[in-house]
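Listed below are the residues making up each chain.
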Amino acid sequence: MRNFIWSFSLFICLISASFSQTKSIEKGSYLSTNRGQKIKLNLLENNKYEFILYSGDYNIKGDSLLFAQNKSVEEGFDLAFVKDKKAKKIKIKFIDSSFYPFYIGTQKGNEAVQYQKLSDIKTQIDPEWREADLTFDIDKSDFLYLVLEGYETETKLCKYALPKDVAEVTIKYNSDLSGDLKISGFLDRKTNGLRISDKGGKNPLTFVNEKEQKLDSEVKVTALESQNIANWTYPGKEALVDEGFGVEAVPSDSIAGINENEYESPKFDFKLKIENNLMDAIAATKNAKTKFLVVYSNDKNSFVKADFDQFVKEREAEVSANMYDAYNAQFDVFNYYLASTDDKNWLKKNKLLNNPAVIILNGDGAVLTSSKTTLEDEKVEFNFYNGFPKKLEKANALYTFNKVIRNKKATDADLVSAFNQVSILKDYEAGSETIDEIASTGFKLSKFTFNKKEVLQIWKKLIETHQKDTKPNMLLVEAILQEIKNQGFYKLFFNEDRMFNSTDFLAIDYLIKHYDAIEATKGLEGTGYSRPVNVSLTDEISTALQTNGYGLGDESSEKANKNQIIKTYKKLITSGKGSFFCYKSYFAILEEEPAYTKEFGGFFKEYLSLEKGNPFERLDGLYQTFNTSDEYSFDGWNSLKEYYSELCNSAAWKVVSKPENIDFVKTAIDWSEYSLIITKNNPYYLDTLAQLYYKDGQKEKGIETQEKALQYSATVQDEETVNEMKTVLEKMQNGTY
């Protein structure tokens, strides 16, 4: 419960804003009794008020004045009964049921109590939780149990006897008044009462003008039993808070015979290997590939070795806790080394003469950053979860990239690795932070700027060189995929979106050429490739093509870009790597192109033709293959069905509406008939099919189908479209179509 003084004073501060400025609220005395305690609110002249909360006895002892508060009702449940001998069920009306974890139980004689959670009942009756109160029926029972489950406090349970002839039970819960007065009020125009509650509307106090106050005629119901219970439960009950939350389940047979209180969670005992010299420390870090080396120098501190050893122990304990029960490399980010007198020349050469100094190196021994502080000052930075390791990862990738492209003797492998490192920094939003930002209290990361033209030229040469590869370079594959999805080096360096250029299309050709070999690496470890295994290479390429370049260039460049995208789709499909998603993306960009009808014909024959089997079974099989969480997927089975029926109708309509497609009439009839198998009696689809029949020389069939289209045209909202359907039918009937 919140402190009463705070709640009450805050209420007093706001009550005038809630009531005094509302012209429709009259001055006078108002009483609230709906919480089981009389509270008086006096609205006086000159915008003054009196709020009378407590009443009771007082005693004078010497100079002391002692007050004794009289609370008319303790915190708990209020029940009221309505009786009717003819009632076959008992109607329960629970006032303000939504604010606490309530349970209701029923018991017949000495049988077991049957409990239900009130929120479960409410979800069934009022799934959108529109009403504050809850009304439902229960079977006739002898006893009623009401429970307010506690999490940090004991659970309150009350048992009531139900009269044999009870027909209705109204239940209210009165919480401790001193703890729940919050801040706001309003006039309920239906009842002409003032309602005061917290911001969430909980525990409302209702004040009625004292002149209109009616005598309370309700008979109060007293509980047979009232208990406060720690760890209350019943068979089948779900825990209010899962005791196993955040902890892996331990098989029961693994703890057989172990005292529950003696069992401890498994723990991995992680140990750091501290090398004896700097050269070995750098070599160990290089071999680890994903680690950084922290060098600590402080020769002015005579206890530096003891401080360093203590720091290492603390790090080992923290990493052990993170790893839980087995080694996990993602938490093993840093190696540590204490500089000695033998390292003075190295420190001097690198201009690291501060005392103390914390220096961070990459696996090649290059200094990424340093701080003029102690290890103790910076220890929070070496926690895996604080983000500093990720910033170092980014800084190292940028440092390495800058070093490689500046080195005229850099090998092809060096370049591929450098582009890969910067392209797979997926945890960073490009442009979300400056590269030279302060990483902590002492560390500062270096700033790198790159020449756009130079970087793109190096990337182009790299892609061109690898066109002769007989097997895919997986580091290059990963860099290509990130780049064509606009999540690679270009976005990171320059924070820009751009249309594909010739290098991008050449890079996609590389993926298509090595398609099978790339797909074969899915799920294999040690490939250096982290593409999600649930997404096909075709779909990744299709997504990239579909989302590339819209609105990023002038009309002529966008047209050229579109033509190249279409050619790339055709390469993908011709190679036999087309998929439903690939075709979906392809048709979206091909919409107004002359080749659309021919391309759709190939797709329909391959995937949708009735010769391939039951259309519903094929679509259902297709739906099962989709990742429903993907943003380009379908919103349920009906969405998929509607998409393909509409797709077939649209393709068929292109044959109806464009004379140059007249040679496709017979195949378009198949498409149109398919759309009506999937979506029966659609007037638009019937109109398309009717005109195709007529164009094919099946005039009577065309007229019958057009009449059917008009028969179902009530669903057509556009009157002009209906009139066009009627005109088409008239022309068919008089031979002028």
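Residues numbered from 1 in each chain as written. Predicted model: local features only at pLDDT ≥ 70, side-chain atom pairs only at ≥ 80, totals over all residues. Heavy atoms only, no water.

Before we move on, can you summarise the overall build of the chain with the specific residues and values?
When helices and strands are counted, the chain shows 24 helices and 21 strands. Within the chain, the proportion of its 737 residues that are buried is 43%. By sequence separation, contacts in the chain at least 24 residues apart represent 67% of the contacts at least 6 residues apart. If you sum the accessible surface of the chain, you get close to 42,000 Å²; carbon and sulfur atoms cover 49% of it. (Helix = DSSP H or I, 4+ residues; strand = E, 2+ residues; numbered from the N terminus. Buried < 20%, exposed > 50% of the residue type's maximum accessible area, 1.4 Å probe, protein only. Contact = heavy atoms within 4.5 Å. Areas by Shrake-Rupley, 256 points an atom, 1.4 Å probe, with all protein chains shown as cover.)

Can you tell me about helix 13 (residues 502-513), naming the residues and giving the values?
Between its first and last C-alpha, helix 13 extends 16 Å over 12 residues, near the 16 Å set by a 1.5 Å rise per residue. The buried fraction of helix 13 is high, at 9 of 12 residues. Inspection of helix 13 places T503, D504, F505, A507, I508, D509, Y510, L511 and I512 among the buried residues, and these make up the whole buried set. For helix 13, the elements touching its buried residues are helix 10 (452-465), helix 11 (474-484), helix 14 (515-519), helix 15 (537-547) and helix 16 (555-574). (Expected span 1.5 Å × (residues − 1).)

An account of the pattern of salt bridges is needed here, citing residue identities and associated values.
Per the counting criterion, the structure on display carries 25 salt bridges. Among the ionic pairs, D126 bridges to K122, the shortest N-O distance being 3.3 Å. Each of the two residues, D126 as well as K122, counts as buried. We note a salt bridge from K452 to E496, for which the minimum N-O separation is 3.0 Å. Residue K452 is located in helix 10, and its partner E496 is located in the loop between helix 12 (489-494) and helix 13; the two are separated by 44 residues in the primary sequence. (Salt bridge = Lys/Arg side-chain N within 4 Å of Asp/Glu carboxyl O.)

An account of the pairing of strand 21 (residues 367-371) is requested, with residue identities and associated values reported.
Judged from the 4 bridges that link them, strand 20 (residues 357-361) and strand 21 form a sheet pairing that is antiparallel. Note that in strand 21 the partner of I360 across the bridge is T369. Hairpin connection between strand 20 and strand 21: a loop of 5 residues separates the two successive antiparallel strands, and G365 in this loop has a positive phi of roughly 85 degrees. (Pairing = 2+ DSSP bridges.)

Describe the sheet that holds strand 10 (residues 134-139), naming the residues involved and giving the relevant values.
Strand order in this open sheet of 4 strands is 6-13-7-10, and the pairing throughout is mixed. A single partner strand is all that each edge strand has here, and the edge strands are strand 6 (76-83) and strand 10. For this sheet, the mean angle separating the axes of adjacent strands, direction not counted, is 25 degrees. Pairing analysis gives 4 bridges linking strand 7 (residues 89-94) to strand 13 (residues 166-174), with the strands arranged parallel. Across the sheet, residue K93 finds its bridge partner in strand 13, namely T170. Relative to the sheet, helix 2 (residues 118-125) contacts strand 7 and strand 10, its axis offset from that of strand 10 by approximately 105 degrees. (Axes fitted to C-alpha atoms, helices over the stretch in contact; angles between N-to-C directions.)

Can you lay out the side chain of T705 for me, pointing to particular residues and giving the numbers?
On the secondary structure map, T705 appears in helix 23 (residues 699-711). For T705, the residues in contact, after removing those within four places along its chain, are L686, L689, A690 and Y693.

An account of the packing of helix 21 (residues 665-678) against helix 22 (residues 683-695) is requested, with residue identities and associated values reported.
Interaxial distance between helix 21 and helix 22 falls to 9 Å at its minimum, and their mutual angle equals 155 degrees. One finds that helix 21 runs roughly antiparallel with respect to helix 22. Crossing hand, helix 21 versus helix 22: left-handed. Between helix 21 and helix 22, the residues in contact are V665, A668, I669, S672, E673, S675 and L676 and Y685, L686, T688, L689, L692, Y693 and K695, respectively. (Parallel < 35°, antiparallel > 145°, perpendicular 65-115°, else oblique. Left-handed = near helix turned anticlockwise from the far one by under 90°.)

So what's going on with the packing of aromatic side chains? Which residues, and what values?
Think of a pair of aromatic rings as described by two things: how far the centres are apart, and how the planes are tilted against each other in angle. Counted under the stated rule, the structure contains 45 aromatic pairs. With a centroid separation of 6.4 Å and an interplanar angle of 75 degrees, the aromatic rings of F382 and F443 are classed as edge-to-face. Of this pair, F382 sits in the loop between helix 7 (375-378) and helix 8 (388-406) while F443 sits in the loop between helix 9 (412-423) and helix 10; the two residues are 61 residues apart in sequence, bridging distant segments of the chain. Among the residues examined, F443 registers a relative accessible area of 0% and is labelled buried. Here Y583 and Y607 contribute two aromatic rings whose centre-to-centre distance is 5.5 Å and whose plane-to-plane angle is 70 degrees, an arrangement assigned as edge-to-face. Pair noted here: Y583 is in helix 17 (residues 580-590) and Y607 is in helix 18 (residues 596-608), with a separation of 24 residues, a long-range link. The class for Y607 is buried, based on a relative accessible area of 17%. Residue placement shows K452 over the ring face of F494; its charged tip is 5.7 Å from the ring centre. It is K654 that lies over the ring of Y596; its NZ or CZ is 4.9 Å from the centre. (Phe/Tyr/Trp six-rings, centres within 6.5 Å; stacked < 30°, edge-to-face > 60°. Lys NZ or Arg CZ within 6 Å of the ring centre and 35° of its normal.)

This is a description of form; function is not addressed.
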